[in-house]
Amino acid sequence: MATIDIRGVRKSYGATEVIRGIDCAVADGELLVLLGPSGCGKSTLLRMVAGLERITEGEIAIAGRVVNALEPKDRNIAMVFQNYALYPHMSVYDNMAYGLRIKGMSRAAIDAAVQKAAATLELTPFLARKPKELSGGQRQRVAMGRAIVREPDVFLFDEPLSNLDAKLRTQMRVEIKKLQGRLGVTSLYVTHDQVEAMTLADRIVVMHAGAAEQIGTPMEIYARPASVFVGGFIGSPPMNMLPAEVAADGAALTLAGGVQLPLGQSLGAEHRGRPVTLGIRPEHLHPGAEAPGALPALVDLVEALGADTVVHARLPGGAALLCRLPGDSAVARGARLALHPAPGALHLFDPASGRRLPEG
Amino acid sequence: MRRKVIFEHKLLPYLLLAPQLAITLVFFIWPSVQAMWMSLLREDMFGLSSTFVGLENYVRVLSDPGYVAAVRRTVVFSVAVALLALLPALLLAVMVDKLTRRVATYRVILVLPYAIAPAIAGVLWLFMFNPSVGIVAAGIRGLGFAWNPKLDGQDAMILVILASAWKQISYNFLFFLAGLQAIPKSLLEAAAIDGAGEWRRFRTIVLPLLSPVTFFLVTVNVVYAFFDTFGVIHAVTQGGPAKATEVLVYKAWYDGIIATDFGISSAQSVILMAVVIALTAIQFRFIDRKVTY
Amino acid sequence: MQALTDRPNRLALAIVWIGIAIVAFPLWITFTASTLTPQEIARGELLLPGGQGFETYSTILLEGARTSRMASPPVAGMMWNSLVMALVIALGKIAISILSAYAVVFFSFPGRMIFFWTIFITLMLPVEVRIVPTYQVVADLGMINSFAGLTIPLIASATATLLFRQFFLTIPDELVEAAKVDGAGPMRFFWDMVLPLSRTNIAALFVIMFIYGWNQYLWPLLITTSASMDTIVIGITKMIGGGDALTDWNAVMATTFLAILPPALVVLIMQRQFVKGLVDIEK
């Protein structure tokens, strides 16, 4: 039973606090993704789990054992690095065998482990080669191989795909997902790529400025972003954020330029008349007949992407709005659209704190 | 200057540093401090006792006409060696850079003198310019010039300058060639399209881009001429005839080791130390410039 | 810029050949003179090799030069002294420099910068500026006329330390971390990663430091007084004496040729590492 428990973890460099108290747990066999923009502290958190950074405050436990004071090698982890970090002067075989040799395993046991990992990753023909004689994808697989031969409690991935081109990245993403599923090893995976996070994760921790903004399954995070930041970070193109005010009856919003948008429910008395930030995903806006409750938009620019068409539009009052339509939509610049939000697709946030308003 | 990722160990780094530090302290720092201290002392005639005399040794050194003459000689010698080692090296590097074939062969032949000790370079040139058997000396006399570095101070000076410069051309050539090869070809092509001829391209593009290398080489060559040419002079002229080739380093060695006037020799050492420190400081300003270049 | 035609650049070629002549001529007549008789040398017939070579070389190597004014020890012994000196200096410098650079770059410890600057300062203190006191230290330690005295004081090298330091700073952090995760401690990392990765730097430094050691002059002049400790470079200048007609030039030139040969061979054989290393060191 390998789990990771992160309890109240903080990290400071001198006076600057880069991790500001994080609690989360990775269940046995789960793949948890730490997602966030660069500088949010996700890599630092991962490196603390690995033992490559000291923990300023709090506790990290792997498989139930607190590891704060342990060296990386004593934590029974394996790590896949962003630049692969393959040993350039060693063959693929030696790269994979190195950690096992240090452990003092027998020659035969090392050979069995390396051969098995190589077969799993289809690296057998390349065992004698040096890293520089391999393609990017092959190097990535060697880095994976180095991790799996050790049969660790936990895999740690530090943006392992960010050095690959787009096509290879998609392919390797699938391979990692399959491999992790098959081996069932508890994994912590750091990325800034939301697509990678959505497709790989059992659960995602969205990090922002050293704190966890939201923890949940990919669909939870997509459907109910806990903050303006999460709403804007997950989804492509990003969620539209519009300033608005709750009407006096609590059942509609008034947008800039006087547009009224019914909420389909009535907000509690405490919200009536207050300013809010309204979030609507571009894919949840559908053009239709002009009617009350539709957003009257003027098309500025049309990007036809094939499968979809992204429309850049403007509301009365000047607010910009993105809208994702099916690829066959014939919309031209200068056209006027009446955009109907899908039912239940309006997200309300507190403009001051950025947090999602409690529902009901 | 330090890595982000390091190892933690209390004792190990000190153990790793120990051999180098021990040698540095015993054979570099301590003798240098000693040199400074000894430059303030004067020994009696028998070397039995010494008394503190303050800056008297420096006053004696600097007011000694022999020392002042050696300073002047050293300047002439260094400037001549630096020029004669730099200009032909630049010319050769530019020409080799123009060639497309057998560049590696030419380079390795031109680099050979680097492997030769300054004293040996001196011997080679002494042999060629020796008045009795020297093949070049015979040629010079055949042209009607008097030539005898054994007796004529100026001839001796010319000989040690030539030998010293000859050995150093290799080093300069390598650096100029590396500098030339680092100039992006697209720059020269752009200039050619802009209508700049070959000489103009050299003057307005190549030379300015070579200036960091050149500046670096100037200081290196001056240091070489100041210090490393001791072997040339000791092997070829022993500072003679009549001290005509006695440069500062040779004099510091002679006064200390042969004449055993430790106070005077140490004062000269400290003055030379100041020269090296100044030259190193200049060189490091150059490195700073190169970083932002 | 390359010429637009494939025709060789005649002017450039001519100048390069003049340069090669200036470099090669002294070396060529050194070789020819070493194969001639003193009489042939005195007549100035230097341009082609003669038939005396074998005898001259075997005599000086095994018995030493017997000139009219002095008898030198066998040159083979001098070459041995030079070889030991050059090898100990080159390998010693590399060994202690790589260790100290490793300490300075890969560890954090009190006094690190002070130590670094102490080493760095030696750049500014060549033997030439501390002649008398350095001689005295070596004499006090009883190291005069010994290989220890000839080599140990020269193996501290700021240059080599700086080169290794510069190289170590380019080793990616992730490589260090990967090794840590694999369980490598500092010394294991040094043996398994740093040392093999430094191979090219070590080779380049070896060439440069071998030449430096072989070509030492002032230092052996200070530290050795007995003829049995003479290096070949010192031995030659002792043989020349006044450098006049009485000098046994064929023996001197044969010795000179033997003095040039080892460092020249090292440069020829390892030219690629040497060129790269020399330019890197001064960066």
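Here the structure is a predicted model, which means the values were calculated and not measured.

S.K.: Hey, could you go over the overall build of chain C for me, with residue numbers and the actual values?
M.R.: A tally of regular secondary structure across chain C gives 15 helices and zero strands. Considering chain C as a whole, with its 283 residues, one finds that 59% of them fall into the buried category. Nonlocal contacts in chain C, meaning residues at least 24 apart in sequence, comprise 72% of its contacts between residues at least 6 apart. Summing over all exposed atoms, chain C offers an accessible surface of approximately 10,900 Å²; the carbon and sulfur share of this is 68%.

S.K.: Outline the interface of chain B and chain C, listing residues and values.
M.R.: Counting residues at the interface gives 94 residues for chain B, matched by 113 residues for chain C. Together chain B and chain C conceal approximately 9,600 Å² of surface at their shared face, both sides included; 78% is due to carbon and sulfur atoms. Applying the counting rule to chain B against chain C returns zero salt bridges. Connecting chain B to chain C are 11 residue pairs in polar contact (both at pLDDT 80 or more). By residue number, the principal contributor to the side of chain B that touches chain C is helix α1 (residues 12-38) of chain B, which donates 21 residues. The class makeup of the residues in the side of chain B that touches chain C is 70 nonpolar, 14 polar and 10 charged.

S.K.: Explain the state of the cysteines residue by residue, including any values.
M.R.: Tallied over the entire structure, the rule returns zero disulfides over all chains. Between cysteine 40 of chain A, a cysteine without a disulfide, and cysteine 24 of chain A, which holds the nearest cysteine sulfur, the sulfur-to-sulfur distance is 12 Å.

S.K.: Pulling in residues and values, what's your account of the domain arrangement of chain C?
M.R.: Residues and elements named next belong to chain C. Parsing chain C into structural domains produces domain 1 (2-62) and domain 2 (76-282). The centre of domain 1, based on its C-alpha atoms, is set 30 Å off from the matching centre of domain 2. Taken together, the contact pairs 12 residues of domain 1 with 13 residues of domain 2. Roughly 1,100 Å² of surface becomes buried between domain 1 and domain 2 when both sides are summed, with 79% attributable to carbon and sulfur atoms. Contact with domain 2 buries area across many residues of domain 1, yet Thr30, Ile60 and Leu61 alone supply 43% of it, more than any other trio. In this structure, the connection of domain 1 to domain 2 is made through zero salt bridges. Elements represented by at least two residues in the side of domain 1 that touches domain 2 include exactly α1 (10-34), α2 (38-42) and α3 (53-62). Examining the composition of the side of domain 1 that touches domain 2, we find that five residues originate from one element, α1, more than from any other. Residue classes in the side of domain 1 that touches domain 2 are distributed as nine nonpolar, three polar and no charged.

S.K.: Would you mind going over the packing of α1 of chain B against helix α4 (residues 75-106) of chain C in detail, with residue names and values included?
M.R.: For the pair α1 of chain B and α4 of chain C, interaxial distance at closest approach is 8 Å and the crossing angle is 130°. Considering the angle they form, α1 of chain B stands oblique to α4 of chain C. The two elements α1 of chain B and α4 of chain C meet at a crossing, and its hand is left-handed. Between α1 of chain B, through Pro13, Leu16, Leu17, Pro19, Gln20 and Ile23 of chain B, and α4 of chain C, the contact on the second element is made entirely by Ile96, Ser97, Leu99, Ser100, Tyr102, Ala103 and Val104 of chain C. Among the residues making up the contact of α1 of chain B with α4 of chain C, the classes are represented as 10 nonpolar, three polar and no charged.

S.K.: How would you sum up the interface of chain A and chain C? Please name residues and give values.
M.R.: The partner chain C presents 15 residues to the 23 residues of chain A that form the contact. Of the roughly 1,700 Å² buried between chain A and chain C on both sides combined, carbon and sulfur atoms contribute 61%. Its largest share of buried area at the contact with chain C, chain A owes to Tyr87, His89 and Tyr98 of chain A, together 31% of the area lost on that side. Where glutamate 177 of chain C meets arginine 47 of chain A, a salt bridge forms, and the shortest distance between an N and an O atom there is 2.2 Å. The interface formed by chain A and chain C holds nine residue pairs in polar contact (both at pLDDT 80 or more) in total. Elements that contribute at least two residues to the side of chain A that touches chain C include exactly β6 (77-80) and α2 (92-103) of chain A. The greatest single-element share of the side of chain A that touches chain C, amounting to four residues, is contributed by α2 of chain A. A breakdown of the residues in the side of chain A that touches chain C according to their chemical character gives 14 nonpolar, five polar and four charged.

S.K.: Go over the environment of valine 270 of chain B with me, naming the residues and quoting the values.
M.R.: Residue position: valine 270 of chain B is located in helix α12 (residues 262-292). Sequence-wise, valine 270 of chain B and leucine 217 of chain B are 53 residues apart; in three dimensions their C-alpha atoms are separated by 24 Å.

S.K.: Run through the sheet that holds strand β11 (residues 240-246) of chain A, naming residues and quoting values.
M.R.: Within a beta sheet, neighbouring strands are joined by backbone hydrogen bonds and run either parallel or antiparallel to one another. All names here are of chain A. On the basis of which strands lie adjacent, the open sheet formed by five strands has the order β13-β12-β11-β14-β20 and antiparallel pairing. Sheet topology places β13 (260-262) and β20 (347-349) at the edges, where each strand pairs with a single neighbour. On average, each strand axis in the sheet is inclined to that of its neighbour by 40°, with strand direction left out of account.

Conventions we followed
Every chain begins its residue count from 1, and numbering advances along the sequence as written. Lettering of chains starts at A and numbering of ligands starts at 1, both following the order in which they are written. Whole-chain, interface and lining totals are the exception, using all residues; otherwise, since this is a predicted model, local features are given only for residues with pLDDT of at least 70 and side-chain atom pairs are given and counted only at 80 or more. The side-chain figures draw on all heavy atoms in the structure; neither hydrogens nor water molecules are used. Only DSSP runs of H or I reaching four residues or more are called helices, and only runs of E reaching two or more are called strands; each is numbered from the N terminus. Under the scheme applied here, a residue whose accessible area is under 20% of the maximum for its type counts as buried, over 50% as exposed, and between as partly exposed, the area being computed with a 1.4 Å probe on protein chains only. Throughout, a contact is declared for two residues whenever any of their heavy atoms are within 4.5 Å. In these tables, accessible area is a Shrake-Rupley quantity obtained with a 1.4 Å probe, and a residue counts as shielded only by the protein chains included in the view. A 1.4 Å probe defines the accessible area here, and the buried area is the portion of it lost by two parts on being joined, summed over both. Any carboxyl oxygen of Asp or Glu that lies within 4 Å of a side-chain nitrogen of Lys or Arg is treated as forming a salt bridge with it. What qualifies as a polar contact is a pair of N or O atoms within 3.5 Å, subject to a donor-acceptor requirement within protein and to the restriction that residues adjacent in sequence count only when both atoms come from side chains. Polar here means any residue other than Ala, Val, Leu, Ile, Met, Phe, Trp, Tyr, Cys and Pro, which are nonpolar, and Asp, Glu, Lys and Arg, which are charged; Gly is therefore polar. What counts as a disulfide here is a pair of cysteine sulfur atoms lying within 2.5 Å. Domain start and stop positions are those given by an automatic or database domain assignment. The axes are straight lines fitted to the C-alpha atoms, using for helices just the contacting stretch, and the angles between their N-to-C directions are given from 0 to 180°. Angle categories are assigned with fixed cut-offs, so that under 35 degrees is roughly parallel, over 145 is roughly antiparallel, 65 to 115 is roughly perpendicular, and the rest are oblique. Crossings are sorted by hand: turned counterclockwise from the far helix by less than a right angle, the near helix makes the crossing left-handed, and turned clockwise it makes it right-handed. In this analysis, strands are considered paired if DSSP registers two or more bridges between them.

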